[in-house]
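Below are the chains, spelled out letter by letter.
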Amino acid sequence: MRINPSIGPDRARAVFDEELQGITTDAALRDLRHRWLARSGSWVAGFMDLLAAAAPAEKKALGRGANELKRHVEQALGDREAALAATKRPEGAVDITLPGRQPSLGFRHPLSLIREQIGDIFSRLGYQVLEGGEIEDDYHNFEALNMPEEHPARDMQDTLYLATPVPPPAVPPPTRGRAPRTPQPLTLLRTHTSAMQIRQMERHDPPVRLVAIGPVYRRDNLDLTHTPMFHQVEGLVVGRGITLADLKGTLTSMATALFGEGQQVRFRPSFFPYTEPSAEVDIRCIRCQGAGCAMCKRTGWIEILGSGMVHPAVFEAVGYDPAEFTGFAFGMGIERVALLKWGVEDIRLFYENDLRFLEQFGR
Ligand code: DAH
């Protein structure tokens, strides 16, 4: 808006004061200064024209009034400029009036959830829950489990060997049972949690009731269902009068706790060197409840673990009397349980750390 200098200094001052009221930014202040003080087009410039055209008798009073207004405008603009600067945050200062940032709550990894659930199921049943070392020797991983060096069962698992020996345990196990054939057994990454059966029985007399849960390693390439590292849970119960019926009852309650009420299990004869008899165990297909679907390949059953009655040779290796004690054992893949339970189709998803995947399983 162009200010008409002929309205006189007093009214011009009132107009200026009112305009100044509304100024809150540096840019608006710059604009106001320009419109009142610039050499051309401003109130001052217009006033100069007016002064030049005025009658000589009026010039003096006109000049004084104009000077006063100009001083007032300069002073007021300067004051407002200082006031605006004072409200600015100094460089690097913290604005304590901002709302705080909400920390986002993390999610448990699905495999941790299953692992914990299995641990809970068995600790409620009075089992010890162990993990055990991932570095093992071939005595505990194979030989004591009735797989001597020349045993073809060793070919069942492709093993990752290590160059350095396992450090000896701080407290050596009591010497009983059979000694390793070679004084310095080979070092390897455990191929199954079954090694924990031997470790525990070497140190403790029966009764034994344990689950060992943790990572195992095999020379496998990554694909939909294989990873070179995965997790297993091993179960072992040893005592007097333990039978296959105890195994079946235990596995039925585990399947029910993991997959829901009314689970059935089915035993299929199989072979493991450390159990006799051995069985592969199936559960009712959790997707079609046995009607037959793509997931169970129309059989109505899904294989979930290997198991059996502990082989007498295993008891002999740890110095238990097979005439006095019997026991059952089982081994199950944790990833397999997770794939089935949540209908995940690619095992690699568990290891890719994509939050959009990991956030779907709960805390
Ligand atoms: N160790 C077997 C595997 O890795 C699983 C297994 C089968 C464990 C039978 C057992 C058992 O304790 O009795 O595939």
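Residues numbered from 1 in each chain as written. Predicted model: local features only at pLDDT ≥ 70, side-chain atom pairs only at ≥ 80, totals over all residues. Heavy atoms only, no water.

On to the pattern of salt bridges. Per the counting criterion, the structure on display carries 14 salt bridges. Note that R199 is salt-bridged to D137, the shortest N-O span being 3.5 Å. Of this pair, R199 sits in helix α7 (residues 195–203) while D137 sits in strand β2 (residues 135–137), and the two are 62 residues apart along the sequence. A salt bridge links D346 to R348, with the shortest nitrogen-to-oxygen separation between them at 3.0 Å. Residue class for D346 comes out buried when judged on its relative accessible area of 18%. (Salt bridge = Lys/Arg side-chain N within 4 Å of Asp/Glu carboxyl O. Helix = DSSP H or I, 4+ residues; strand = E, 2+ residues; numbered from the N terminus. Buried < 20%, exposed > 50% of the residue type's maximum accessible area, 1.4 Å probe, protein only.)

So, about the environment of M254. Assignment of secondary structure puts M254 in helix α8 (residues 244–259). The buried category is assigned to M254, whose relative accessible area is 1%. The sequence separation of M254 and R178 amounts to 76 residues, and the corresponding C-alpha distance is 33 Å. Those residues in contact with M254 that sit more than four places away from it in its chain are I121, F122, L305, F330 and M332. (Contact = heavy atoms within 4.5 Å.)

Attention shifts here to the packing of helix α5 (residues 110–124) against α8. Look at α5 against α8: their axes get within 11 Å of each other, and the N-to-C directions meet at 135 degrees. Taken together, the axes of α5 and α8 lie oblique to each other. In the crossing of α5 with α8, the sense of the turn from one axis to the other is right-handed. Packed against α5, whose contacting residues are Q117, I118, I121 and F122, the element α8 presents T250, M254, A257 and L258 at the interface. Considering only residue class, the contact of α5 with α8 consists of six nonpolar, two polar and no charged. (Axes fitted to C-alpha atoms, helices over the stretch in contact; angles between N-to-C directions. Parallel < 35°, antiparallel > 145°, perpendicular 65-115°, else oblique. Left-handed = near helix turned anticlockwise from the far one by under 90°. Nonpolar A, V, L, I, M, F, W, Y, C, P; charged D, E, K, R; others polar.)

Pairing within the open sheet is antiparallel, and its three strands lie in the order β2-β4-β3. A strand with exactly one partner marks an edge of an open sheet, and here the two such strands are β2 and β3 (161–162). Sheet topology places β2 next to strand β4 (residues 187–189); three bridges connect them, and they run antiparallel. In the sheet register, E136 faces β4, and the bridge partner there is L188. (Pairing = 2+ DSSP bridges.)

Do not read the predicted coordinates in detail wherever pLDDT is low. Averaged over the protein, the pLDDT score is 90; the fraction of residues at 70 or greater is 98%. Confidence, read as mean pLDDT per element, is least for helix α3 (residues 43–53) in the protein (82) and greatest for strand β10 (residues 326–333) (98). (pLDDT = per-residue confidence, 0-100.)

Attention now moves to the site of the ligand. The full set close to the ligand counts 16 residues, and H192, R218, Q232, E234 and Y274 are the nearest of them. Within the contact set of the ligand, an oxygen atom lies 2.9 Å away from a side-chain nitrogen or oxygen of Q232. In this structure, E234 approaches the ligand through a side-chain N or O atom, which is 2.6 Å from an oxygen atom. The residue makeup of the shell around the ligand, split by class, is four nonpolar, 10 polar and two charged. (Near = heavy atom within 4 Å. Polar contact = N/O pair within 3.5 Å; in protein donor to acceptor, adjacent residues only side chain to side chain.)

Among the secondary structure elements, T187 is positioned in strand β4. On the basis of relative accessibility, which here comes to 4%, the residue T187 falls in the buried class. A distance of 2.9 Å separates the side chain of T187 from the backbone oxygen of T164, its partner in a polar contact. Residues in contact with T187, not counting those within four places in the same chain, are I135, E136, D137, Y161, L162, T164, P165 and V166.

Let's shift gears to the pairing of strand β8 (residues 275–284). Within β8, seven of the 10 residues are buried, leaving the element largely enclosed by the surrounding structure. Where strand β7 (residues 265–272) and β8 come together, seven bridges link them in antiparallel fashion. Considered in β8, the bridge of S270 is made with S278. Two strands pair when backbone bridges link them, and β8 and strand β9 (residues 301–310) are joined in this way by eight bridges, in the antiparallel orientation. Pairing of T275 across the sheet is with V310, part of β9.

A word on the domain arrangement of the protein. What the domain assignment lists for the protein is domain 1 (9–87) and domain 2 (110–361). Once you take the C-alpha centre of each, domain 1 and domain 2 turn out to be 90 Å apart. (Domains from an automatic or database assignment.)

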